[in-house]
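# Results of the structural survey
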Amino acid sequence: KAGVTQTPRYLIKTRGQQVTLSCSPISGHRSVSWYQQTPGQGLQFLFEYFSETQRNKGNFPGRFSGRQFSNSRSEMNVSTLELGDSALYLCASSLATGAREQFFGPGTRLTVL
Amino acid sequence: GENVEQHPSTLSVQEGDSAVIKCTYSDSASNYFPWYKQELGKRPQLIIDIRSNVGEKKDQRIAVTLNKTAKHFSLHITETQPEDSAVYFCAANSGNTPLVFGKGTRLSVIA
């Protein structure tokens, strides 16, 4: 099976702009979670989608949003970008929600200038 | 919500020695504890996980122990090799709650 894929791999934006990141899960996986990874902060949970419904949301401002499509592909959007949004954004897929293995994508490196 | 603390943040060992990374969690309802390894420039990958009905689990040179009473779990790597050098993350969750990660441990194995 193909692994989790994310596009684009790299993005450079300026403050105030918005960005959309895409994640394609492993075939058959219906749960997609998003994480922000910054040096020293580990992986911070953004949100989780299952069957097109947001199941969990982390402690991030409303500028961060996401959605999931009927084919389980997911997108996250960040509006009004700030310098502090520069990070590696990882998505992970799993068969379902709950306590089970998550498979990570390669990430999208976002740089905000 | 769940909070996971991980120690140490950096760890250097000589090749062939053992390495131990410790994590504590706050939510007594947590019942799933995975460990992920992230090599430089790569995605995190699951190396071992344990559920709360088990106290210890081994996979070749890697083992994880869980103490539910004390709410802590540890990763043990024996006979370390240079390819074990990476950042290791512990995590915890229960049921349909999000997976909460520790801040990571950068392990360096010195040849």
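Above this text sits the structure in question.
Note that the coordinates shown come from a computational prediction; the quantities given were computed from them, not determined experimentally.

What counts as what
Residues numbered from 1 in each chain as written. Chains lettered and ligands numbered in written order. Predicted model: local features only at pLDDT ≥ 70, side-chain atom pairs only at ≥ 80, totals over all residues. Heavy atoms only, no water. Helix = DSSP H or I, 4+ residues; strand = E, 2+ residues; numbered from the N terminus. Rg over C-alpha atoms; globule rule 2.2 N^0.38 Å. Contact = heavy atoms within 4.5 Å. Areas by Shrake-Rupley, 256 points an atom, 1.4 Å probe, with all protein chains shown as cover. Lys, Arg positive; Asp, Glu negative; His and termini not counted. Charge placed at Lys NZ, Arg CZ, Asp CG, Glu CD. Disulfide = S-S within 2.5 Å. Buried < 20%, exposed > 50% of the residue type's maximum accessible area, 1.4 Å probe, protein only.

## Quick look at the overall build of chain A
Counting secondary structure elements, chain A contains zero helices and eleven strands. Taken from the N to the C terminus, the helices and strands of chain A come in the order β-β-β-β-β-β-β-β-β-β-β. Expected size for 113 residues packed as a compact globule is a radius of gyration near 13 Å; at 13 Å, chain A falls within 12% of this value. Judged by the C-alpha coordinates and their principal axes, chain A covers about 35 × 30 × 25 Å. Pairs at least 24 apart in sequence give 54% of the contacts found in chain A among residues at least 6 apart. Element-wise, carbon and sulfur atoms account for 48% of the exposed surface of chain A, whose accessible area totals about 5,200 Å². Considering chain A, the positive charge centre built from 12 side chains and the negative charge centre built from 6 side chains are found 3 Å apart.

## Remarks on the state of the cysteines
Counted by the stated rule, this structure contains two disulfides over all chains. Two residues share a disulfide in this structure: cysteine 23 of chain A and cysteine 91 of chain A, whose sulfurs sit 1.9 Å from each other. Handedness of the cysteine 23 of chain A-cysteine 91 of chain A disulfide follows from its S-S torsion of about 75°: it is right-handed. Remark: cysteine 91 of chain A occurs in strand β9 (residues 87–94) and cysteine 23 of chain A occurs in strand β3 (residues 19–24); sequence separation between them is 68 residues. Bridging cysteine 23 of chain B to cysteine 90 of chain B, the disulfide has an S-S length of 1.9 Å. Here the disulfide of cysteine 23 of chain B and cysteine 90 of chain B is left-handed, its torsion about the S-S bond being about -100°. One end of the pair, cysteine 23 of chain B, is in strand β3 (residues 19–25); the other, cysteine 90 of chain B, is in strand β9 (residues 86–92), and 67 residues separate them in sequence. Here cysteine 23 of chain B falls in the buried class, since its relative accessible area comes to 1%.

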